[in-house]
Amino acid sequence: MSASGAAATPEELKQRIEAGIPGASAEVTGDGHHFNAVVSAPAFQGLTRIAQHRLVYDVFGGEVGDRIHALSIQTKAPPSGAAAHSHPESIV
Amino acid sequence: MSDQTTNTLREQIQTAIDENPVILFMKGTPEQPMCGFSARTVAILQSVGRPFAAVNILPDPRIRQELSGVSNWPTIPQLFIDGDFVGGCDIVTEMYESGELQQALGLESAPAEAAPAPQASEPAPLTIENRL
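Model, not experiment: these values are computed from the prediction.

Participant: How should the pairing of strand β1 (residues 22-26) of chain B be read in this particular structure?
Facilitator: If a strand is regular, its side chains alternate between the two faces of the sheet. Residue and element names in this part refer to chain B. Burial runs high along β1: five of the five residues are buried. Burial along β1 is two-sided: Val22, Leu24 and Met26 and Ile23 and Phe25, pointing in opposite directions, are all buried. In this sheet, strand β3 (residues 78-81) lies alongside β1 in antiparallel orientation, the contact comprising four bridges. By the bridge assignment for β3, Val22 is matched with Ile81. In this sheet, strand β2 (residues 53-56) lies alongside β1 in parallel orientation, the contact comprising four bridges. Each bridged residue has a counterpart across the sheet, and for Leu24 the counterpart in β2 is Ala54. Of the crossover connections in this fold, the one passing from β1 over helix α2 (residues 36-48) to the parallel β2 is right-handed.

Rendered as structure tokens:
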């Protein structure tokens, strides 16, 4: 059960996030060890930030902290209406 | 390998979370963070001026393992307030910028643009003891 030795790439992370979370679109940057992912997905709607980030971490399981040394995440739920940059005040 | 040791360590972590209103599990210490994400989180906590307990997870890899079992969160640092897992560096940063962190810490007035001189609050160093 050895993880593949190949270094992770931003492209790989992007594809896996988009495949793992329905409807997600991701922008990933990184150097093979430290990555930054900006992820937008309808599935985030109504979830707390922690729950949103967990969905992203769950795509990679035990690789985060290991093969993927660090993964910084910003999540956004795509606006349901026209308001582009609204900040929902409460999530209940 | 022994379940006994594992359980004890997890209990110690849970006790530390329960007993410290604000506790940060990090790489290194507030005085000497060993990772940029831990350093950033410490800087934020210090700038809001709320004392916090800190646990260095580096001395024993099992601390991190057990901690992640408690929080269901894979990365370090991890901040807990009043026993609740709050998030890691990204979330703490977002919450700081929106003022939510200050609210969660019971500091209603968020130091917004004024950026007062960061006060070095007294961090309470804390050691999770491993009885190997």
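The rest of the description comes next.
Participant: I keep staring at the interface of chain A and chain B and nothing clicks. Help me out?
Facilitator: Often, the extent of an interface is quoted as the loss of accessible area upon association of its parts. Listed by partner, the interface residues are 14 residues for chain A and 17 residues for chain B. Together, the buried faces of chain A and chain B total about 1,300 Å²; carbon and sulfur atoms form 55% of this surface. Put simply, chain A and chain B have two salt bridges between them. Residue Arg49 of chain A pairs with Glu100 of chain B through a salt bridge whose shortest N-O separation is 2.8 Å. Our count for the chain A to chain B interface comes out at seven residue pairs in polar contact (both at pLDDT 80 or more). Every element with two or more residues in the side of chain A that touches chain B is listed here: α2 (49-60) and β3 (70-76) of chain A.

Calculation criteria
- Residues numbered from 1 in each chain as written.
- Chains lettered and ligands numbered in written order.
- Predicted model: local features only at pLDDT ≥ 70, side-chain atom pairs only at ≥ 80, totals over all residues.
- Heavy atoms only, no water.
- Buried < 20%, exposed > 50% of the residue type's maximum accessible area, 1.4 Å probe, protein only.
- Helix = DSSP H or I, 4+ residues; strand = E, 2+ residues; numbered from the N terminus.
- Pairing = 2+ DSSP bridges.
- Right-handed = clockwise from strand over helix to strand, strands pointing away.
- Contact = heavy atoms within 4.5 Å.
- Buried area = accessible area lost by both parts, 1.4 Å probe.
- Salt bridge = Lys/Arg side-chain N within 4 Å of Asp/Glu carboxyl O.
- Polar contact = N/O pair within 3.5 Å; in protein donor to acceptor, adjacent residues only side chain to side chain.

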